[in-house]
Amino acid sequence: MTTQLIKVLLVEDNPGDVQILKIHLRQANAFSQLTLTHVETLKDALGSLAQHSVDVILLDLSLKDSEGLETFIRLHQETPATPIIVLTGLDDEALAIQAMQQGAQDYLPKGEVNGSFLLRSMRYAIERTQADRKIREQAALLEVTTDAICVRGLDSLVSFWNQGAERLYGWKVEEAIGQNADVLLYPDGSPLLETALQTVIETGKWQGELHTLTKDEKKVVVASRWTLMRNEVGYPKSILIVDTDITEQKHLEGQLLRAQRLESIGTLASGIAHDLNNILTPILAASQLLQLKLTDCDDRTQEFLDMLVESAKRGSGVINQMLSFTRGAEGKFITLQVRHVIAELKTMLYASLPKSINIRLDVPQDLWMISGDGTQLHQVLMNLCVNARDAMPDGGTLKITARNQLLADQEAQQHLDAQGGHYTVVTISDTGTGIPPEILDRMFEPFFTTKAIGKGSGLGLSSVAGIVKSHRGFITVSSQVGEGTQFQIFLPAVHVTESLQVEDSELPSGDGELILVVDDEAFIREIVKVTLEDCHYRVLTAQHGVEAIALYAEHKDEIRLVLLDLMMPSLDGASTVYTLRKLNSTAQIVAMSGLSTTEMKVKAASAGVQAFLPKPFTAQELLEIVLKQLDRFRE
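Described in the following lines is the structure provided in the data block. (Residues numbered from 1 in each chain as written. Predicted model: local features only at pLDDT ≥ 70, side-chain atom pairs only at ≥ 80, totals over all residues. Heavy atoms only, no water.)

Regarding helix 2 (residues 42–51)
Then, in step 1: Taken together, the buried positions of helix 2 are occupied by Leu42, Ala45, Leu46, Ser48 and Leu49. Angularly, the buried residues of helix 2 cover 160 degrees about the axis, an arc narrow enough to put them on a single face. Facing away from the buried side of helix 2, by more than 90 degrees, are the exposed residues Lys43, Ala50 and Gln51.
Then, in step 2: Lining the buried residues of helix 2 we find strand 1 (6–11), strand 2 (34–39), strand 3 (56–60) and helix 3 (69–78). (Buried < 20%, exposed > 50% of the residue type's maximum accessible area, 1.4 Å probe, protein only. Helix = DSSP H or I, 4+ residues; strand = E, 2+ residues; numbered from the N terminus. Arc of directions from axis to C-beta. Contact = heavy atoms within 4.5 Å.)

Concerning the environment of Leu42
Then, in step 1: With respect to the helices and strands, Leu42 occurs in helix 2.
Then, in step 2: Along the backbone, Leu42 and Leu59 are 17 residues apart, and their C-alpha atoms lie at a distance of 9.4 Å.
Then, in step 3: When sequence neighbours within four positions are dropped, the list of residues in contact with Leu42 reads Leu63, Asp65, Ser66, Thr71, Arg74 and Leu75.

Here's the deal with the pattern of salt bridges
Then, in step 1: Enumeration according to the criterion identifies nine salt bridges in this entry.
Then, in step 2: Measuring nitrogen to oxygen at the nearest pair gives 2.8 Å for the salt bridge that ties Lys529 to Glu533. Here Lys529 and its partner Glu533 are both found in helix 17 (residues 522–534), four residues apart, which amounts to about one turn of the helix.
Then, in step 3: Judged by relative accessible area, which is 25%, Lys529 ranks as partly exposed.
Then, in step 4: Overall, Glu533 belongs to the partly exposed group, its relative accessible area being 36%.
Then, in step 5: As a salt-bridge pair, Lys615 and Asp565 come within 3.4 Å of each other at their nearest N and O atoms. (Salt bridge = Lys/Arg side-chain N within 4 Å of Asp/Glu carboxyl O.)

Observations concerning the pairing of strand 17 (residues 484–494)
Then, in step 1: Most of strand 17 is tucked away, with nine of its eleven residues classed as buried.
Then, in step 2: One ladder, built from two bridges, connects strand 13 (residues 369–372) with strand 17; its direction is antiparallel. Each bridged residue has a counterpart across the sheet, and for Met369 the counterpart in strand 17 is Val494.
Then, in step 3: Where strand 15 (residues 421–430) lies against strand 17, eight bridges are found, and the strand directions are antiparallel. From the neighbouring strand, Tyr423 faces strand 17, where its bridge partner is Pro492.
Then, in step 4: As judged from the seven bridges shared by strand 16 (residues 474–480) and strand 17, these two strands associate in the antiparallel manner. Opposite Gln480, over in strand 17, you have Gly484 as the bridge partner. (Pairing = 2+ DSSP bridges.)

Brief notes about the environment of Leu561
Then, in step 1: Relative to the elements of secondary structure, Leu561 occurs in strand 20 (residues 559–565).
Then, in step 2: Of the residues examined, Leu561 reaches a relative accessible area of 0% and is grouped as buried.
Then, in step 3: Spatially, the C-alpha atom of Leu561 lies 5.0 Å from that of Ile515, the residues being 46 residues apart in sequence.

Digging into the sheet that holds strand 5 (residues 106–109)
Then, in step 1: Across the sheet, five strands lie side by side as 2-1-3-4-5; this open sheet has parallel pairing. Bordering the open sheet on either side are strand 2 and strand 5, each of which pairs with just one other strand. Strand-to-strand twist of the sheet, defined as the mean angle between neighbouring strand axes without regard to direction, takes the value 20 degrees.
Then, in step 2: Examined bridge by bridge, strand 4 (residues 84–88) and strand 5 share four bridges and lie parallel to one another. Looking at strand 5, one finds that Thr88 is bridged to Pro109.
Then, in step 3: Each of strand 3 and strand 4 touches helix 3; the most contacted strand, strand 3, lies at about 160 degrees to it.
Then, in step 4: In the packing of helix 4 (residues 93–102) onto the sheet, the strands contacted are strand 4 and strand 5, and the crossing angle to strand 5 comes to about 165 degrees. (Axes fitted to C-alpha atoms, helices over the stretch in contact; angles between N-to-C directions.)

Things to note about the side chain of Ser593
Then, in step 1: The topology assignment puts Ser593 in strand 21 (residues 589–593).
Then, in step 2: For Ser593, a relative accessible area of 0% gives the class buried.
Then, in step 3: Beyond its immediate chain neighbours, meaning those up to four positions away, Ser593 contacts Asp565, Met567, Met600, Phe612, Leu613, Pro614 and Lys615.

Considerations on a nonpolar patch on the surface
Then, in step 1: Together, Ile272, Leu276, Ile279, Ile283 and Leu308 line one region of the surface with nonpolar side chains, adding up to about 390 Å² of accessible area.
Then, in step 2: Along the chain, Leu276 falls in helix 10 (residues 247–293). (Patch = residues over 30% accessible without salt bridge, like charges linked within 9 Å, V, L, I, M, F, W, Y side chains within 5 Å. Areas by Shrake-Rupley, 256 points an atom, 1.4 Å probe, with all protein chains shown as cover.)

What to know about empty space enclosed by the protein
Then, in step 1: This structure, assessed with the given rule, holds two cavities of 30 Å³ or more.
Then, in step 2: The volume enclosed by the largest cavity comes to roughly 40 Å³.
Then, in step 3: Lining the largest cavity, in full, are Val338, Leu377, Val380, Leu381, Val426, Ile489 and Leu491.
Then, in step 4: When residues of the lining of the largest cavity are traced back to their parent elements, those giving at least two are helix 13 (374–390) and strand 17.
Then, in step 5: For the lining of the largest cavity, the element with the highest residue contribution is helix 13, accounting for three residues. (1 Å grid on protein atoms, 1.4 Å probe; cavity = no way out; pocket = protein on both sides within 12 Å on 5 of 7 lines; lining within 4 Å. Points joined across faces, edges and corners; volume = space filled by probe spheres on them.)

Some thoughts on the environment of Val577
Then, in step 1: Structurally, the position occupied by Val577 is in helix 19 (residues 573–583).
Then, in step 2: Using a relative accessible area of 0% as the deciding quantity, one classes Val577 as buried.
Then, in step 3: For the pair formed by Val577 and Val609, sequence separation is 32 residues and the distance between their alpha carbons is 7.6 Å.

Here's what the structure looks like:
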């Protein structure tokens, strides 16, 4: 089944902006999903629309023959059923908002838009317009039979009650007539009722959203329209009320807003991840270099260096976990020992928990291995420990234990989605306030929290449950009010013998090969240069793509490998790779990036690089990938 192409009319008189827009769409492979017609004036736009219909219009408000809000108004009047997305400069946001108030579906700042986002925005504008049109058509056909219509006197007593009101609110005509409408429909009260009554008396009409309650105490949101009815001599006598159930619509709007917020958070998280990984890269690489150089330092100094390396790695893991949450990516599962995760957790707990909380650990050395993501499991345990801390404001005991357990099939049937087999079980218990029974049933629901506003998002235990489930495990909880709470996390064990990993005491060295390092971050250029030179490589550095191309052109017969950041100003990594390929089609290139997402790796591969090195990286990882690529070149 083929998808119908989106017909787009672009009204833009700036050739540069048109070209940039087309480049973004081409990079997003959007032209396989749309056809684009471009005009430069409002006159040409109106003429084009007179001959051909389109699905969506991209409109610049500053044209040769029209400027400002009048441009949008004239075009919208000509084709009110076609969604219009306003393209605006960064200084024109107020004007774009005015256009939204006049009926524009969306506005996008030109400097911030990309092809994928623009395509999504157009599809959403079309879908929303079609949905609105469908709702209006249905309302015109079904208004009389589906709307709840009632008439209330100035004394609030119901004098008319139609079948639509029966269906919506559940009260039969004979039950509703003569009843006080405020008591019947708004038993919990509504702050808008007084405003609605005052407005309809003063102006003759009022409309807005009200929260009502049905006969079976179901909460309903209605779009309510009030009209003042008068007698023969013009005196007010009653109020006609027409209510439309918009409960489902409000629910869907809430879901859409949450999805949009999550997408915005994901975009923000990507930028933050890139910057933080760039910051962590020199810390991680320099720490490992110092470990190897300061071989005669005392144990305390070596411990501090180990802490630097592990903290930088943990920071990188947290960043990747943030990206996994916002983008829905899967974690990186490896065979790991939970004992090590608990050991790392212990250090953080001793540093962060108040002294009034006594921390006790009981973790055997022969604990079974599991398959999982260490960062995600660290998040699970830390979340539960933080909750335990909050449950013990006056102090108490936090106990973390682990054990091996063979779960019989009969026992597994007592737990949802559980299967019999070997499990590594981690237990976190506290001596805190405990959890009431009515909360135990809801505590894993998203956005459910008993904490005060601003003190909790309600996502903590929901994330815990989701992570444990993704590890094919399950979680149990038991609690007594006033005595404490115990969480047990069951993780399927794997039959792998733990082996001690010993890192090489020496870093892999080169043989005087010349390497070009390209990165806009000065600290990263410096630490990579020092690391490579200490291991017998020669190094040239460039701070952006233009400088890299100039250096490569001058030394292309000597340079054996290019280490290149993919995200740089002026000329990005992909464009730099393309130009380097023009200079030397067999150039050996390794891409570096602070974003190690699948999308970024695909981008690197499509640009023609031989390998991908995610930031932050250790000196060992840097030198290993360099040696590997040089060995491939020699072959």
